[in-house]
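# Architecture at a glance
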Amino acid sequence: MSTILFELGSEELPPKSLKPLRDSLKASVESQLQEANISYDSLKAYAAPRRLAIEIEGISEKQPDRTEQKRGPAVKAAYDAEGKPTRAAEGFAKGLGIDASELITIETDKGAYIGYELTIQGQATTELLPNIFQTALDNLPIAKRMRSGASREEFVRPVKWLVLMQDDQVIDATVQGLDAGNQTLGHRYHSPNPITIAHASDYLSVLESAKVIADFDRRQQLISERVTALADEVNARAIVPQDLLDEVTSLVDLPVALRASFEERFLQVPQEALISTMQADQKYFCLTDSEGKLQPYFIFISNIESKDPSQVVSGNEKVVRPRLADAEFFFLQDQKQPLIEMAESLKNRVFQDKLGTIWEKSERIAKLAAFIAATFRQQNIAGYADIDVAQATRAAMLSKADLTSTLVGEFPELQGVAGTYYARLNGEPEAIAAAIEEQYLPKFSGDKLPQTAVGICLALADRIDTLVGIFGIDQAPTGSKDPFSLRRSAIGVLRILIEKQLPINLVSLIEQAILNYQDKLPKAGETLTQVIDFINSRYRAMYTEQGVSVDTIQAVLAINPHMPLDFDQRIHAVNEFRSLPQAATLAEINKRVANILAKSEGQVGEAVDESLLTEDAEKALYQALSTAKTEVAPLQAEAQYTQILQSLATLEVPLTGFFDNVMVNSEDEALKVNRLTLLKQVRELFLTVADVGELQI
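Since we're looking at a predicted model, the values are computed, not measured. Residue numbers here run from 1 along each chain, matching the order of that chain's written sequence. A pLDDT threshold of at least 70 governs which residues receive local features in this predicted model, and a stricter bar of 80 or more applies before side-chain atom pairs are shown or counted, although totals over entire chains, interfaces and linings include all residues. The side-chain values count all of the structure's non-hydrogen atoms but skip hydrogen atoms and water molecules.

### Points about the sheet that holds strand β9 (residues 159-166)
The strand order across the open sheet formed by five strands is β2-β3-β1-β9-β10, and the pairing between neighbours is antiparallel. Because the sheet does not close on itself, it has two edges, and the strands there are β2 (42-48) and β10 (169-170). Paired strands are those between which DSSP finds at least two bridges. Where helices and strands are cited, they refer to DSSP runs of H or I of at least four residues and of E of at least two residues respectively, numbered from the N terminus. Alignment of strand β1 (residues 2-10) against strand β3 (residues 51-59), held across seven bridges, turns out to be antiparallel. Residue Leu-5 lies in a different strand from β3, and its bridge partner there is Glu-55. Here helix α4 (residues 125-138) sits on the sheet and contacts β1, β3 and β9; the angle it forms with β1, its principal contact strand, is near 35 degrees. Every residue pair with non-hydrogen atoms within 4.5 Å of one another is taken to be in contact. Orientation is described by lines fitted to C-alpha atoms, with helices fitted over the stretch in contact, and by angles between N-to-C directions that extend from 0 to 180 degrees.

### A word on the side chain of Gln-352
Tracing the sequence through the fold places Gln-352 in strand β19 (residues 350-352). A simple rule labels every residue: compare its accessible area, found with a 1.4 Å probe on the protein chains alone, to the largest value its type can have, and call it buried under 20%, exposed over 50%, or partly exposed in between. Look at Gln-352 and you get buried, because its relative accessible area is 10%. Setting aside chain neighbours within four positions, we find Gln-352 in contact with Ile-470, Ile-473, Gln-475 and Phe-484.

### Here's the deal with the environment of Arg-487
Turning to its location among the elements, Arg-487 is positioned in helix α17 (residues 486-499). Using a relative accessible area of 23% as the deciding quantity, one classes Arg-487 as partly exposed. On a C-alpha basis, the gap between Arg-487 and Ile-535 in space is 8.0 Å, while along the polypeptide they are 48 residues apart. The contact partners of Arg-487, leaving out residues within four places of it in the chain, are Pro-477, Thr-478, Gly-479, Lys-481, Asp-482, Phe-534 and Arg-538.

### A look at the nonpolar core
The nonpolar core is taken to be a set of buried Ala, Val, Leu, Ile, Met, Phe, Trp, Tyr and Cys residues, with the residues joined through side-chain atoms within 4.5 Å. By size, the foremost hydrophobic cluster in this structure holds 143 residues, and its most contacted members are Met-278, Phe-376 and Ile-510. When sequence neighbours within four positions are dropped, the list of residues in contact with Phe-376 reads Ile-381, Tyr-384, Ala-385, Ile-387, Ala-453, Ile-456, Cys-457, Leu-502 and Ile-504. If you look at the next biggest cluster of nonpolar residues, it comprises 36 residues, including Leu-129, Ile-132, Leu-140 and Ile-142.

Encoded structure:
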């Protein structure tokens, strides 16, 4: 057992790709070693700005020998009557390079054959490794590879050196066009000269002495700890998004955390703009107080140990000041006109060629938001019944105004956020100001939902208007192409209606949205169907992510509920029904009943004639059905779907008895129709919740 070290040195690797490159390299090497049947104790992958490395401890010296069985002609064809090898046997042996006397007999299900057990010697690990590493490099997720100079080798950046060692010996190999050696390079500034690695297991310590922490995870942990410590010194909390932390970790060999500050006057600017520019442009970690309010500090990670850190801090403060000043200028410039005047500029901005301007979209959103708000009031929905319809209309007309602002022009991610700030500065009611930002929630899977009633109206209206418009002009998403993010919009609509417990019919909202387009959508009927079908198709993606089985979703989809909240309640009811001991039998019986009724279309009556119930089993089913109907009626009125299915579970015994003892397709037509009617009523009772016949239990 020995230790293997592989390191590929290059110019600085793309920081956003460094971690994925490390993980891919490790996964590929592990997979190839397993395929080659080479054992090892541990495998670690390292990544720093100028290197990717693999260290394998306790690796076997060679592949194990293996026996491979070669099978030749049948024994009958291999030997003549005297038991001597035929030409077929001689030819088979010659092909293997052995004498015919060494052949063995192999017994199989199809008879006896001649054969030979060939022992294949395992290759030395050092012979296999160069190709394994080269293959792993070739398979790295690199969008665009480059060549350096006259070399024909391609990689994400020009390669500079290669280390490939077994313990204290260099493995004679060429990878990525470089000859292997035992020399690496340390920190570009603190340790620029080549360093010899005496033993493969010394890798981390050798580099650390050269001011390089090669272990990505350890480097990241050090950054997190030092950022937290510096934030604690000023009683603040650091904003540390994982993507930013990964990128900063990829930019430095030797992380040195320093805290700097900026003028407090910049805090009058929307903090989202300041945070955005410091994170995106400078890779700084911003600091907030315990309530999330931005503080006039930031932490940055330097790649050098300066003899005078104050100079480094001062330099970064000078660099960030103009960027913050730009954000301040944009913010102050926008305040020269009220938000409603900004909205007027939307009349010249196109939303979509066939669907008009953003101003026209705002007008449609306003109408739909008012319709939703009125629905809240009419249905007296708890927590939303006192919504001001006029505020919903006003918020919608202002909702897209900030798209014309210079602040959003510079920071597109602040759409909605900027509008909320400007609305407050203009003295708009808080309900309107908050709704302008909330209209974009949720922005992604798992994101928070709008909290205010007006914000909910805007979020629903905006998404439904877009869904209806884009489907109405035949530009529905295809495959992976979804330029208007309609899939995300549909899931957003469902999440809001379900998680906010809003008992609203989705069809009525879509119909109203279609009416708002007036003559712009020539195929209104088709559009309604397509949008409903599209939103229904999102249920599967949404619920499977929550661990709900596909057949449960199909069982509810089969009855096509138009209220997402109602759909959700049915899903939970069917999920609980699956765990009942009667569930499998009832699912199978429902499937059987559905098939029987499908073949008997037109022969089913409306009411069961008790006088035609001749068999004890059908009488028992009728009585049980009548009892179940009585129990289900009040539960159905209150949408108590779980209790309904628990009540219907009692039908298992009478239904089983019915099918065991009653001939449905009786020769007596009246009996047949009556029995079909009985089954139809059983089926309809289950369909008040879902089609449990879809369940695969």
